[in-house]
Amino acid sequence: MDLNKNNNFPEYESGKDSGRGLVIVNTGSGKGKTTAALGMAMRAAGHDLKVLILQFIKSGGRTGEIKIIEKLKPRVEMEQLGKGFIKFKDGRPQPDRAQIENANKSFKYAREKIYSGKYDIIILDEINNIISYGLLKAEEVVGVIKNKPKDLCVILTGRNAPPELINIADTVTEMKDIKHAFRTGIRARKGIEY
Ligand code: ATP
Ligand code: MG
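Quick look at the structure, then. All figures in this text were calculated on a predicted structure; none of them were measured in a lab.

### Some points on the overall build of the protein
So, step 1. The number of helices and strands found in the protein is six helices and eight strands.
So, step 2. Listing every helix and strand of the protein by position from the N terminus yields β-α-β-α-β-β-β-α-β-α-α-β-α-β.
So, step 3. For 194 residues, the compact-globule formula gives about 16 Å, and the C-alpha radius of gyration of the protein, at 17 Å, lands near that figure.
So, step 4. The C-alpha extent of the protein, read off along each of the three principal axes, is 50 × 35 × 30 Å.
So, step 5. The long-range fraction of contacts in the protein, counting pairs at least 24 apart against all pairs at least 6 apart in sequence, stands at 76%.
So, step 6. Total accessible area on the protein is roughly 11900 Å²; 51% of this is exposed by carbon and sulfur atoms.
So, step 7. Across the protein, 34 positive and 24 negative side-chain charges occur, with their mean positions spaced 6 Å apart.

Structure below.
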């Protein structure tokens, strides 16, 4: 499907056509990075585009998005590749051996999917965190993104997006944390956080 064709949306006809799939980054410490990416997946699914969502940290949780996306197959697919949240000590990430090995394995898998040419949009959820924790090299990710199929749109989420990635991206949004209920002791809510 032609991602650049604005059928029936005259208000979107101005400006040049990029002629290619965009690189989009959702970063920052405020809430909304993953949910904004899922929102784009939902939009894209409405246009019958093919979307793949790969989660780099989450593992096996039956989140609301996993449950609903199962019903959107084969238009949207979602896989949790992670091995759970990475522990911190004195402000530094303490990934265990399995998490370190898994980061590279997961990115290899993502690379295969990117080069497969089977998708219109691929979301790499929390990949920025994996890079900022030192589990994956920014240059490696940027190298793959630069060689992606022309029409493929790649959305990368997570805190601390590296400058190398911001440089090559078309759209970068920083979610700003003004308040978060979590800090007043309110725990994660069904339908809001998971
Ligand atoms: P969401 O999945 O809600 O869009 P996110 O992707 O922007 O959040 P992550 O860094 O992936 O944020 O956060 C993982 C979890 O922590 C989510 O459940 C999210 O709602 C919550 N969260 C996000 N921002 C904050 C914050 N500033 N303080 C505490 N918890 C947060
Ligand atoms: Mg997230």
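Now that the structure has been shown, we can carry on.
### Concerning helix H3 (residues 97-115)
So, step 1. Between its terminal C-alpha atoms H3 stretches 28 Å, which fits the 27 Å expected from 19 residues at 1.5 Å a residue.
So, step 2. Listed in full, the buried residues belonging to H3 are Gln-99, Asn-102, Ala-103, Ser-106, Phe-107, Ala-110, Lys-113 and Ile-114.
So, step 3. As for H3, its buried residues are in contact with strand S2 (51-55), strand S3 (76-80), strand S6 (121-125), helix H4 (127-132) and helix H5 (138-146).

### What about the side chain of Thr-27?
So, step 1. Inspection of the secondary structure puts Thr-27 in strand S1 (residues 23-28).
So, step 2. Using a relative accessible area of 7% as the deciding quantity, one classes Thr-27 as buried.
So, step 3. Within the local environment of Thr-27, its side chain forms a polar contact with the backbone nitrogen of Ala-161, the two atoms lying 3.1 Å apart.
So, step 4. Setting aside its immediate chain neighbours within four residues, Thr-27 contacts Lys-33, Asn-128, Gly-158, Arg-159, Asn-160, Ala-161, Val-172, Thr-173, Glu-174 and Met-175.

### Notes on the coordination of the magnesium ion (ligand 2)
So, step 1. Looking at the magnesium ion (ligand 2), one finds its protein donor set to be Thr-34 (OG1) and Glu-126 (OE), positioned 2.0 to 2.1 Å from the metal centre. Of this pair, Thr-34 sits in helix H1 (residues 33-46) while Glu-126 sits in the loop between S6 and H4, placing them 92 residues apart in sequence.
So, step 2. With a relative accessible area of 14%, Glu-126 lands in the buried category.

### Let's talk about empty space enclosed by the protein
So, step 1. Evaluation of the coordinates by the stated rule reveals one cavity of 30 Å³ or more.
So, step 2. Of the volumes computed, that of the largest cavity is approximately 50 Å³.
So, step 3. Lining the largest cavity, in full, are Phe-56, Ile-57, Gly-82, Lys-83, Gly-84, Ile-86, Gln-99, Asn-102, Ala-103, Ile-130 and Leu-135.
So, step 4. Per-element accounting of the lining of the largest cavity gives the leading share, three residues, to H3.
So, step 5. Tallied by class, the residues present in the lining of the largest cavity amount to six nonpolar, four polar and one charged.

### What about the nonpolar core?
So, step 1. Counting 31 residues, the largest nonpolar core has Phe-56, Phe-107, Leu-124, Ile-127, Ile-130, Val-141 and Leu-156 as its most contacted members.
So, step 2. Elements with a minimum of two residues in this core: S1, S2, H3, S6, H4, H5 and strand S7 (153-157).
So, step 3. Looking at this core, the element that brings in the most residues is H5, giving five residues.
So, step 4. Not counting residues within four places of it along the chain, the set of residues in contact with Ile-127 comprises Phe-56, Phe-107, Leu-136, Val-141, Leu-156 and Thr-157.

### With respect to the packing of aromatic side chains
So, step 1. Counted by the stated rule, this structure contains one aromatic pair.
So, step 2. Judged by centre distance (5.3 Å) and plane angle (75 degrees), the rings of Phe-88 and Tyr-133 are edge-to-face. Of this pair, Phe-88 sits in strand S4 (residues 88-89) while Tyr-133 sits in the loop between H4 and H5; the two residues are 45 residues apart in sequence, bridging distant segments of the chain.

Definitions and cut-offs
- Residues numbered from 1 in each chain as written.
- Chains lettered and ligands numbered in written order.
- Predicted model: local features only at pLDDT ≥ 70, side-chain atom pairs only at ≥ 80, totals over all residues.
- Heavy atoms only, no water.
- Helix = DSSP H or I, 4+ residues; strand = E, 2+ residues; numbered from the N terminus.
- Rg over C-alpha atoms; globule rule 2.2 N^0.38 Å.
- Contact = heavy atoms within 4.5 Å.
- Areas by Shrake-Rupley, 256 points an atom, 1.4 Å probe, with all protein chains shown as cover.
- Lys, Arg positive; Asp, Glu negative; His and termini not counted.
- Charge placed at Lys NZ, Arg CZ, Asp CG, Glu CD.
- Expected span 1.5 Å × (residues − 1).
- Buried < 20%, exposed > 50% of the residue type's maximum accessible area, 1.4 Å probe, protein only.
- Polar contact = N/O pair within 3.5 Å; in protein donor to acceptor, adjacent residues only side chain to side chain.
- Donors = N, O, S within 2.8 Å, 3.2 Å for Na, K, Ca; no water.
- 1 Å grid on protein atoms, 1.4 Å probe; cavity = no way out; pocket = protein on both sides within 12 Å on 5 of 7 lines; lining within 4 Å.
- Points joined across faces, edges and corners; volume = space filled by probe spheres on them.
- Nonpolar A, V, L, I, M, F, W, Y, C, P; charged D, E, K, R; others polar.
- Core = buried A, V, L, I, M, F, W, Y, C linked by side-chain atoms within 4.5 Å.
- Phe/Tyr/Trp six-rings, centres within 6.5 Å; stacked < 30°, edge-to-face > 60°.

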